[in-house]
Amino acid sequence: MLGLLFSTAVYFVASYCIKRWLDDMGIPKSMTRSVTIFSAAVIFAYGAAAIVDWFST
């Protein structure tokens, strides 16, 4: 349960940070950008869940 909660929080934080980073770079909003943000945020969330799972077992 802790992994689910932590990975959800990491997903939203990563999504926000990646959006800000791409905005600062001047990347225009498009479908490819949205998929990139989603994919990168999911990778961070899965990594965070794996780390929590590793430490909690």
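It should be noted that the structure appears before, not after, this text.
Residues numbered from 1 in each chain as written. Predicted model: local features only at pLDDT ≥ 70, side-chain atom pairs only at ≥ 80, totals over all residues. Heavy atoms only, no water.

Caption draft 1: Molecular detail of the pattern of salt bridges. Within the structure shown, the criterion is met by one salt bridge. Taking the shortest distance from any N to any O, the salt bridge between Asp-23 and Arg-33 comes out at 2.7 Å. A residue pair is termed long-range when its members are at least 10 positions apart, and Asp-23 in helix α1 (residues 2–25) and Arg-33 in helix α2 (residues 31–56) qualify at 10 residues. (Salt bridge = Lys/Arg side-chain N within 4 Å of Asp/Glu carboxyl O. Helix = DSSP H or I, 4+ residues; strand = E, 2+ residues; numbered from the N terminus.)

Caption draft 2: Geometry of the packing of aromatic side chains. This model, assessed by the stated rule, comprises three aromatic pairs. Arranged with centres 6.4 Å apart and planes meeting at 75°, the rings of Tyr-11 and Phe-38 form a pair that is edge-to-face. Taken as a pair, Tyr-11 in helix α1 and Phe-38 in helix α2 lie far apart in primary sequence, 27 residues in all. Using a relative accessible area of 48% as the deciding quantity, one classes Phe-38 as partly exposed. A network of ring pairs unites the aromatic residues Tyr-11, Phe-12 and Phe-38 as a single cluster. (Phe/Tyr/Trp six-rings, centres within 6.5 Å; stacked < 30°, edge-to-face > 60°. Buried < 20%, exposed > 50% of the residue type's maximum accessible area, 1.4 Å probe, protein only.)

Caption draft 3: Highlighting the environment of Leu-22. Turning to its location among the elements, Leu-22 is positioned in helix α1. Sequence spacing of Leu-22 and Phe-12 is 10 residues, and the spatial spacing of their C-alpha atoms is 15 Å. Beyond its immediate sequence surroundings of up to four residues, Leu-22 is in contact with Ile-27, Arg-33 and Ile-37. (Contact = heavy atoms within 4.5 Å.)

Caption draft 4: Region of interest: α1. Here α1 contains 24 residues, and its C-alpha end-to-end distance of 34 Å stays within 8% of the 34 Å for a straight helix at 1.5 Å per residue. Within α1 the residues assigned to the buried category are Gly-3, Ser-7, Ala-14, Ser-15, Ile-18 and Leu-22. Against α2 lie the buried residues of α1. (Expected span 1.5 Å × (residues − 1).)

Caption draft 5: Spotlight on α2. With 26 residues, α2 should reach 38 Å at 1.5 Å per residue; the first-to-last C-alpha distance of 37 Å fits that figure. Among all positions of α2, only Arg-33, Ile-37, Ala-41, Ala-45, Ala-48 and Val-52 are buried. On its buried side, α2 packs onto α1.

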